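# A closer look at the structure
This is what each chain is made of:
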Amino acid sequence: MIRKGLLILISFLFFYNLSSANNSLRISLITCSGGSELYSTFGHSALRVIDSSKNQDIVFNFGLFDFNTPNFYLKFMQGKLNYMLGVQYTQDFIESYKFDKRGVVEQVLNLSEEQEIKIVERLLYLYQPQFRNYLYSFLFKNCTTELRDLIYDGLNLDKVPLEKKIGKTHRELIDIYVGNMKWTKVGINLLLGSSLDRDITVYESMFLPDNLFDVLGRAENKDGKIVKETIVLNDVKRDPSEGKTPFLLSPVFLFSLLLTLMIASLFISKLVMLDKLLLGVVSVFGIVLPVIVIMTDHVELLNNYNLLWCNPVYLIVLLSLIYKWKKVCIVSSIIAVAGIVLSALASLFGLQIFETSFYLVFGMLLIALFRTIFKCRGQEKQL
């Protein structure tokens, strides 16, 4: 892919040097709709550059990465995976999105010759091997934010309107896109930290392709609208029900069912076995979540109040319950209860927004933990 991109760029450079002075360039923002896979559900942005006099038409794409990178998945989890700027023939780019049945819309930018040359020169500069790679951040440095900054800096657009608060948080915007995928939404909101729960600006909201598309479509300068023409290159409307989790398989329904069983266990002794099962499952997540947070450089995962209730203390509770370590069992269970209470307070005071289904988990855990405390206290008194 990199070698092909170099050949495309060499061809473009040859013609660009000959024709840049005759105003034959045209620059457009390309916005692609989301796909069915998680990595594609938020959509994509790229920049199209055409030299009409030489019939050159290429796309600069900041959303490429190399699957052959050593320790690919580990680096992705740690936030140390390099994304890169690549170049593709526009037709190849569009065909790939047609194949995936994703919409593609082009916004032709109303630029002076000087502005066009400035943006192209910046793209060529960034494509140099020493600048081509960058550390990816979903919120702050991705395929769309790179283009946002390139366009607004290249055109010297007024950024004052972008400082206005939009009345939404990063988490709320993300939830809109993953709302149908209920379990994915649960996983994302378990991982993401409290920094995503502050009211963000228009500028910050443009980490999403659709938001860059909308804001740029309304932007103006002294010469009028920045977008002089909008062209639909692949007209595909995403099915609103695509990827939707059936209600009977949703976290809210299943956790409600489990909570009902936990309440029933207060009256049906055979259901008490659910305590160890619940503690075992939470113990696994209580180890995995802190490990991910400790290992990662993704700022989106830091300051996560989910660690108050989802942490390794549940493994201690489970082991002490199994091996009848009475005092350890009581102390660790009390610590776990305190963590749940602190989580609820963090939510109450708006420090972090928790997934709705987490409160059902809190209820189940409180039943199991209080029963564990009473059980261990009873065993201690018998001694």
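That block above? That's the structure.
Source: prediction; values computed, not measured. The residue numbering used here restarts from 1 in each chain and proceeds along that chain's sequence as written. pLDDT decides what is reported in this predicted model: residues at 70 or higher carry local features, side-chain atom pairs at 80 or more are listed and counted, and totals for whole chains, interfaces and linings draw on all residues regardless. Side-chain figures throughout are based on the complete set of non-hydrogen atoms in the structure, without hydrogens or water.

## Quick word on the overall build of the chain
Short version of the rule: Secondary structure is summarised from DSSP: a helix means a run of H or I of at least four residues, a strand means a run of E of at least two, and numbering begins at the N terminus for each. Any two residues having at least one pair of non-hydrogen atoms within 4.5 Å are treated as being in contact. Accessibility throughout is a Shrake-Rupley quantity obtained with a 1.4 Å probe, and a residue counts as covered only by protein chains that appear here. In summary, the charge assignment counts Lys and Arg as positive and Asp and Glu as negative, without counting His or the chain termini. By convention, the point assigned to a charge is CZ for Arg, NZ for Lys, CD for Glu and CG for Asp.
Helix and strand content of the chain: 14 helices and 11 strands. Partitioning the contacts of the chain with sequence separation of at least 6, the portion at a separation of at least 24 is 77%. About 19,600 Å² of surface is accessible on the chain, with carbon and sulfur atoms providing 63% of the total. Across the chain, the centroid of the 39 positively charged side chains sits 11 Å from that of the 35 negatively charged ones.

## Describing unusual backbone geometry
At Asn303, a position not held by glycine, the phi torsion is positive, near 55°. Looking at the secondary structure, you find Asn303 in the loop between α11 (274-295) and α12 (313-323).

## Quick word on the sheet that holds strand β11 (residues 227-234)
Filter applied, for reference: The pairing criterion is simple: DSSP has to find at least two bridges between the two strands. Only the stretch in contact is used when fitting a helix axis, every axis being a line fitted to C-alpha atoms; angles between N-to-C directions are given from 0 to 180 degrees.
An order of β6-β4-β3-β2-β1-β5-β11 is seen for the 7 strands of this open sheet, with the pairing classed as antiparallel. Only two strands of the sheet have a single partner each, and these edge strands are β6 (133-135) and β11. Taking the axes of each pair of neighbouring strands and ignoring which way they run, one obtains an average angle of 25° across the sheet. Examined bridge by bridge, strand β5 (residues 104-109) and β11 share 6 bridges and lie antiparallel to one another. The residue bridging Val105 from the neighbouring strand is Val232, located in β11. Running over the sheet, helix α4 (residues 113-126) touches β1 (25-32), β2 (44-51), β3 (56-65) and β4 (82-89) and is turned about 65° from β1. Helix-sheet contacts for helix α5 (residues 143-154) involve β1, β2, β3, β5 and β6, and the interaxial angle to β2 is about 50°.

## Overview of the state of the cysteines
This is how it is decided: The disulfide criterion is simple: two cysteine sulfur atoms within 2.5 Å.
One pass over the full model with this rule turns up 1 disulfide. Distance from the sulfur of Cys310, which forms no disulfide, to the nearest cysteine sulfur (Cys329) is 19 Å.

## Looking at the packing of α11 against α12
Quick note on the threshold: Here a crossing is called left-handed whenever its near helix is offset anticlockwise from the far helix by less than a right angle, and right-handed whenever the offset is clockwise.
Interhelical geometry of α11 versus α12 gives an angle of 145° and a closest axis separation of 8 Å. Read as a crossing pair, α11 and α12 show a hand that is left-handed. Seen from α11, the contacting residues are Lys276, Leu279, Gly280, Val282, Ser283 and Ile287; seen from α12, they are Tyr314, Leu315, Val317, Leu318 and Leu321.

## A few points about the packing of aromatic side chains
Put simply, the rule is: Stacked, edge-to-face and tilted labels apply to pairs of Phe, Tyr and Trp rings (six-membered ring for Trp) whose centres lie within 6.5 Å, assigned for plane angles under 30 degrees, over 60, and everything in between, in that order. For each residue, the accessible area found with a 1.4 Å probe, counting protein chains only, is set against the maximum for its type, and the residue is called buried under 20%, exposed over 50%, and partly exposed in between.
Under the definition given, this model contains 17 aromatic pairs. On the basis of an interplanar angle of 50° and a centroid distance of 6.3 Å, the ring pair of Tyr83 and Tyr134 is categorised as tilted. In this pair, Tyr83 is assigned in strand β4 and Tyr134 in strand β6, connecting sequence segments 51 residues apart. Ring geometry for Trp309 versus Phe358: centroids 5.4 Å apart, planes at 55°, classification tilted. Of this pair, Trp309 sits in the loop between α11 and α12 while Phe358 sits in helix α14 (residues 356-382), and the two are 49 residues apart along the sequence. Classification of Trp309 as buried rests on a relative accessible area of 5%. Since its relative accessible area comes to 3%, Phe358 is described here as buried. Within the aromatic cluster, the residues linked to one another by ring pairs are Phe62, Phe65, Tyr83, Tyr134 and Tyr136.

## Re the pattern of salt bridges
Short version of the rule: Salt bridge, as applied in this entry: a Lys or Arg side-chain nitrogen positioned within 4 Å of an Asp or Glu carboxyl oxygen.
All chains considered together, the criterion is met by 12 salt bridges. Among the ionic pairs, Asp153 bridges to Lys159, the shortest N-O distance being 2.8 Å. Assessed through its relative accessible area of 40%, Asp153 is described here as partly exposed. Lys159 gets classed as partly exposed once you look at its relative accessible area, which sits at 32%. A salt bridge links Lys185 to Glu355; its shortest N-O distance comes to 2.9 Å. Taken as a pair, Lys185 in helix α7 (residues 182-191) and Glu355 in the loop between α13 (326-348) and α14 lie far apart in primary sequence, 170 residues in all. Neither Lys185 nor Glu355 differs from the other in exposure class; each is buried. Taken together, the shared-partner salt bridges in this structure form one network comprising Arg26, Arg48, Asp57 and Glu106.

## Focus: the packing of α4 against α5
How two helices pack is summed up by the angle between their axes together with the distance between the axes. Note the following rule: Each residue gets one of three labels, nonpolar for Ala, Val, Leu, Ile, Met, Phe, Trp, Tyr, Cys and Pro, charged for Asp, Glu, Lys and Arg, and polar for the others, Gly among them.
Orientation of α4 relative to α5, taken along the N-to-C sense of each, is 140°, at an axis distance of 10 Å. Read as a crossing pair, α4 and α5 show a hand that is right-handed. Here Gln115, Lys118, Ile119, Arg122 and Leu123 of α4 lie close against α5, whose contacting residues are Leu150, Asp153 and Gly154. By residue class, the composition of the contact of α4 with α5 is 3 nonpolar, 2 polar and 3 charged.

## Focus: helix α6 (residues 170-178)
When you tally the buried positions in α6, you get 7 out of 9 residues, the bulk of the element. Among all positions in α6, only His170, Arg171, Leu173, Ile174, Asp175, Tyr177 and Val178 are buried. Looking at the packing, one finds that the buried side of α6 touches β7 (165-169), α7, β8 (199-201), α8 (202-205) and α9 (209-218).

## Details of a nonpolar patch on the surface
To be explicit about the condition: Nonpolar side chains (Val, Leu, Ile, Met, Phe, Trp, Tyr) are joined into patches within 5 Å and like charges within 9 Å, using only residues with over 30% relative accessible area and no salt bridge.
Nonpolar side chains collect at one region of the surface, where Leu74, Ile287, Val291, Met295, Leu315, Ile316, Leu319, Ile322, Tyr323, Trp325 and Val328 lie side by side and expose about 900 Å² of accessible area between them. Of all the elements in the fold, those that place two or more residues in the nonpolar patch are α11 and α12. Per-element tally for the nonpolar patch: the top contributor is α12, with 5 residues. With respect to the helices, strands and loops of the structure, Leu315 is situated in helix α12.

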